[in-house]
Amino acid sequence: MNIKIGHGYDVHELAEGYELTLGGIKIPHHVGSMGHSDADVLLHAICDALLGALSLGDIGLHFKNTDPRWKGADSKIFLTEVNKMVNDKGWVVGNIDSTLILQEPKIGKYVPQMKKAISECINIDLDCVSIKATTAENMGFVGRKEGLEAHAVCLLFKKY
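Residues numbered from 1 in each chain as written. Predicted model: local features only at pLDDT ≥ 70, side-chain atom pairs only at ≥ 80, totals over all residues. Heavy atoms only, no water.

Engineer: For this particular structure, what's the right way to read the packing of aromatic side chains?
Structural biologist: Each aromatic ring pair is summarised here by two numbers: the centre-to-centre distance and the angle between the ring planes. One pass over the full model with this rule turns up three aromatic pairs. Relative to Trp70, the ring of Phe63 has its centre 5.2 Å away and its plane inclined at 80 degrees; by these criteria the two rings are edge-to-face. Look at Phe63 and you get buried, because its relative accessible area is 9%. A centroid spacing of 4.4 Å and a plane angle of 25 degrees characterise the contact between Phe63 and Phe78, whose relative ring orientation is stacked. A residue pair is termed long-range when its members are at least 10 positions apart, and Phe63 in the loop between α2 (59-62) and α3 (75-88) and Phe78 in helix α3 qualify at 15 residues. With relative accessibility at 3%, the residue Phe78 sits in the buried group. Here the aromatic cluster, defined as three or more aromatic residues joined through ring pairs, consists of Phe63, Trp70 and Phe78. (Phe/Tyr/Trp six-rings, centres within 6.5 Å; stacked < 30°, edge-to-face > 60°. Buried < 20%, exposed > 50% of the residue type's maximum accessible area, 1.4 Å probe, protein only. Helix = DSSP H or I, 4+ residues; strand = E, 2+ residues; numbered from the N terminus.)

Encoded structure:
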């Protein structure tokens, strides 16, 4: 098989006193996502998609939330390391398709910066990174603005 796909999902609680980091960039907002690292829900979902495509477990297996090295860590480090794992196994990323689910803030104007950060971490063209956003239509924990979530799908190609 010369192609593989992977799916990733992540969720984080929102709270005051935390920064909101999405897609590798800080976004001004009155609440941020809670987590051991920077709690970048989008990059975590992408990492899980890449790891899942190669049956390498999940982000928590490689970057444990009990490890003090990762306290407050920039999730771009995780994505860069996961991409190295992918390459070391003889694969390259073809594309990433992702969806953020959050009530606020609106993130449309930040998407180009996020795409750039992601493409630099995994060394692919900007047009190979898709980031979409939607709300939860005021339903559930996302709709109540208690948290946010992300889904990501990747396509990997075998290196020749």
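Engineer: What is the right way to read the environment of Lys159 from this model?
Structural biologist: Within the element layout of this structure, Lys159 appears in the segment after β7 (147-158). Separated by 144 residues in the primary sequence, Lys159 and Ala15 place their C-alpha atoms 42 Å from one another. A distance of 3.1 Å separates the side chain of Lys159 from the backbone oxygen of Asn87, its partner in a polar contact. (Polar contact = N/O pair within 3.5 Å; in protein donor to acceptor, adjacent residues only side chain to side chain.)

Engineer: Quick question: what am I supposed to make of unusual backbone geometry here?
Structural biologist: The phi angle of most residues is negative, glycine excepted, and most peptide bonds adopt the trans form. Residue Pro105 is reached from Glu104 by a cis peptide bond, and omega for that bond is 0 degrees. Position of Pro105 among the secondary structure elements: in the loop between β5 (91-101) and α4 (111-122). Of note in the backbone geometry, Ala39 takes a positive phi value of approximately 60 degrees without being a glycine. Along the chain, Ala39 falls in the loop between β4 (32-33) and α1 (41-53). Positive phi, normally seen in glycine, also occurs at Glu137, with a value near 55 degrees. Note on placement: Glu137 falls in the loop between β6 (129-134) and α5 (140-143).

Engineer: Whenever I open this one, the pairing of strand β1 (residues 3-15) confuses me. Can you help?
Structural biologist: In regular strands, side chains alternate between the two faces of the sheet. When β1 meets β7, the two strands line up antiparallel, connected through 11 bridges. Along β7, the bridge assignment pairs His7 with Val153. Here β1 runs beside β4; their pairing, made up of two bridges, is antiparallel. Looking at the pairing, Leu14 lines up with Ser33 of β4. (Pairing = 2+ DSSP bridges.)

Engineer: Quick question: what am I supposed to make of α3 here?
Structural biologist: Side chains that are three or four residues apart share a direction in an α-helix, a result of its 3.6 residues per turn. Helix length check: α3 (14 residues) gives 20 Å between terminal C-alpha atoms against 20 Å at 1.5 Å per residue, within 8%. Those residues of α3 lying buried are Ser75, Phe78, Leu79, Val82, Asn83 and Val86. Angularly, the buried residues of α3 cover 130 degrees about the axis, an arc narrow enough to put them on a single face. Here α3 starts with a cap whose side-chain oxygen sits 2.8 Å from the backbone nitrogen of Lys76, and that cap is Asp74. Backbone geometry just after α3 places Gly90 at a positive phi near 90 degrees. (Expected span 1.5 Å × (residues − 1). Arc of directions from axis to C-beta.)

Engineer: Which parts of the structure should I look at to understand the nonpolar core?
Structural biologist: Soluble globular proteins: nonpolar side chains tend toward being buried together. Among the nonpolar cores identified, the biggest contains 46 residues, and Leu22, Leu50, Leu100 and Met114 are the most heavily contacted of them. Of all the elements in the fold, those that place two or more residues in this core are β2 (20-22), β3 (25-27), α1, α3, β5, α4, β6 and β7. If one sorts the elements of this core by residue count, α1 sits on top with 10 residues. Not counting residues up to four positions away in its chain, the partners in contact with Met114 are Leu22, Gly23, Ile25, Ile27, Leu42, Leu100, Ile107 and Ile131. (Core = buried A, V, L, I, M, F, W, Y, C linked by side-chain atoms within 4.5 Å. Contact = heavy atoms within 4.5 Å.)

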